[in-house]
Amino acid sequence: NYELIIIFGNGTEQTTIVNSTEYTVSLSAINSPYTIRAVTRFTIVEHSNSSFVFEAQSESVSLTLSSCGSNMFGGFNGSVCVSCPDNSVNEGGYTIGSCECGAGYTGQDGGPCVACTEDTYKAVIGNSSCQPCPNKTGSIRGSTSCSCANGYELIADNCAACGRNYYKNTTSNATCTQCPTYSNTTGSASTSLSDCECTFSVDNANNSSCYAFQSTPVIVNTTRLFTWVVIFWEPLSSVLDRNGNNRGLVFGYSVAYQLSGDPNNSESNNVPAGTSFYNITDLQNESQYIISVSAFNSDFNMGPPATISVTTLSVDRPIIDRVIAYSNSVIGVEWTISSSVLNLVGFNVYVTGVGAPQNSISFNGTSNTFINITDLLASTTYTVTVSTVFDGGQEGNLSPPETVTTLDAVCTPSCPFGGVCIVPPNTCNCSSLISTGGSVDCYGGRVNSSCECTCYDGLFVGGSCSDALYGPIVLVSPSSNGRDVNVTIQPPSPVVSSASIVNYELIIILGNGTEQT
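Owing to the predicted nature of the structure, the values given are computational and were not obtained by experimental measurement.

**Things to note about the overall build of the protein**
Thinking step 1. Scanning the protein from N- to C-terminus turns up 0 helices and 46 strands.
Thinking step 2. Buried residues in the protein amount to 34% of all 517 residues.
Thinking step 3. Taking as baseline every contact in the protein between residues at least 6 positions apart, the subset at least 24 positions apart corresponds to 42%.
Thinking step 4. On the protein, roughly 29,100 Å² of surface is accessible, and the fraction owed to carbon and sulfur atoms is 49%.

Below, the structure written as structure tokens:
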């Protein structure tokens, strides 16, 4: 046999008689270092009746053990401690084989350890395989257990399908989520919010917002200044669902606005039915706002919002109120500037386009905010901006650009009977004519039933400029003898019923300035 002798660090010995050449002994790093040696005993037979025992002792082996801690290996006779491979664990060990794959992972001891695939699991540490999840359950990669699958919830330790109008989009034991208001599912075990179809309004992205009806106000215009915005929309009388069915009368509108990027800076207000605009005040200048308008019925159920982005202007930035094409070569520009701007001495007007002035048009004074720009080309589009000029010549911010197209060289529709494409300023005493929907005819009369207009060389009859008192057209051509000139007078037509032509006066102005009538 063999005698195994282990000498502990404190000098005590442990002796074990063994019959095998392989022997496993548990040693702790706490009692390190160790000295180990072995004794071999031979029985030597000399004669059939006599024998004796001979002993041979090995050399001593010194051993030092260090504790590496959990999830590490090494420390055998001075070897360094190393972390176990990814996703493997141990309670400390001397070799990589002590590292076993953790729960949720499978592989040989010492790694590599691979995550259990989706809808499988492994609850224990070791090299066992991942197991498939039971019916109606599932798991994500690397799971140690199975949970109720998408569309199912845990009820009394069993996975049950989500009921109608509910959904669940996660593999978990959480409860199913109810569909948003005004939406429902077509069946059970729904797995996504998109399964909740809008009942009355058109389905949107992921169906996260459904409404009591589909009708939406149409935003038609906005007026913006420095710290306020006026928003205009077309009012609705009744509201319809996605299939065109009537969902009741409009009871009012909700106008909401929010400073872009700052949800805490928001507000909403309701206005009654029939209202078509709302004035939003106390805004920040030169800031972007998201404005929405929604209709609601008598139950205060909302419809989809109409949304627009509007940026207020800087206090020192002019606002062009209107740009008007007066003729085929003249445009008029009118603008507004805040009364709170200090040290303002004038303005610069910039016009770009073919045939536009090469330089800005500058003038001093702040009382006049209107200018006519002449000598432009017919049927040409121009872009106009206005900037402020401060004391010392410093230029301020430019206004937002506005575009205008000069009239045709020949009026469209053409001006008969000597009409010319000119609209003199101030031919109508209605200053808001353009913004209230007025039109301009090629003679210069600004026609609008809501204001009194003075026509250019004509009569204002029945809400429009009459042709009756426009001059006739004079046509000249060589006579047949080649020496004289034929003059043809073409009368204006149609003639207003209350007026009649009595005669014509032909005036010939000679080269020396004298007239012949």
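**Observations regarding the sheet that holds strand β22 (residues 218-224)**
Two modes of strand pairing occur in sheets, parallel and antiparallel, and in both the strands are linked by backbone hydrogen bonds.
Thinking step 1. On the basis of which strands lie adjacent, the open sheet formed by 3 strands has the order β22-β23-β28 and antiparallel pairing. Each edge of the sheet is formed by a strand with only one pairing partner; in this case those strands are β22 and β28 (277-280). Pairs of neighbouring strands in the sheet enclose a mean axial angle of 15°, with direction left out of account.

**A short note on the nonpolar core**
Thinking step 1. Core analysis: the biggest nonpolar cluster contains 22 residues, and Ile-331, Val-333, Trp-335, Val-349, Ile-373 and Val-384 have the highest contact counts within it.
Thinking step 2. Going through the elements one at a time, β31 (319-325), β32 (331-336), β33 (344-352), β35 (370-373) and β36 (381-390) are the ones with two or more residues in this core.
Thinking step 3. Once residues lying within four places of it in the same chain are set aside, the contact partners of Val-384 are Ile-320, Val-323, Ile-331, Val-333, Val-349, Tyr-350, Val-351, Pro-400, Pro-401 and Glu-402.
Thinking step 4. Core analysis: the second largest hydrophobic core is formed by 20 residues, Val-255, Leu-259, Val-271 and Leu-283 among them.

**Here's the deal with the sheet that holds β35**
Thinking step 1. Here 3 strands make up an open sheet; going across it, the order is β31-β32-β35 and the pairing antiparallel. At either margin of the open sheet sits one strand with a lone partner, and together these are β31 and β35. Recorded for the sheet is a direction-independent mean angle of 20° between the axes of neighbouring strands.
Thinking step 2. In the sheet, β32 pairs with β35 via 4 bridges, with the strands oriented antiparallel. Directly across from Gly-332, in β35, lies its bridge partner Asn-372.

Criteria and cut-off values
Residues numbered from 1 in each chain as written. Predicted model: local features only at pLDDT ≥ 70, side-chain atom pairs only at ≥ 80, totals over all residues. Heavy atoms only, no water. Helix = DSSP H or I, 4+ residues; strand = E, 2+ residues; numbered from the N terminus. Buried < 20%, exposed > 50% of the residue type's maximum accessible area, 1.4 Å probe, protein only. Contact = heavy atoms within 4.5 Å. Areas by Shrake-Rupley, 256 points an atom, 1.4 Å probe, with all protein chains shown as cover. Pairing = 2+ DSSP bridges. Axes fitted to C-alpha atoms, helices over the stretch in contact; angles between N-to-C directions. Core = buried A, V, L, I, M, F, W, Y, C linked by side-chain atoms within 4.5 Å.

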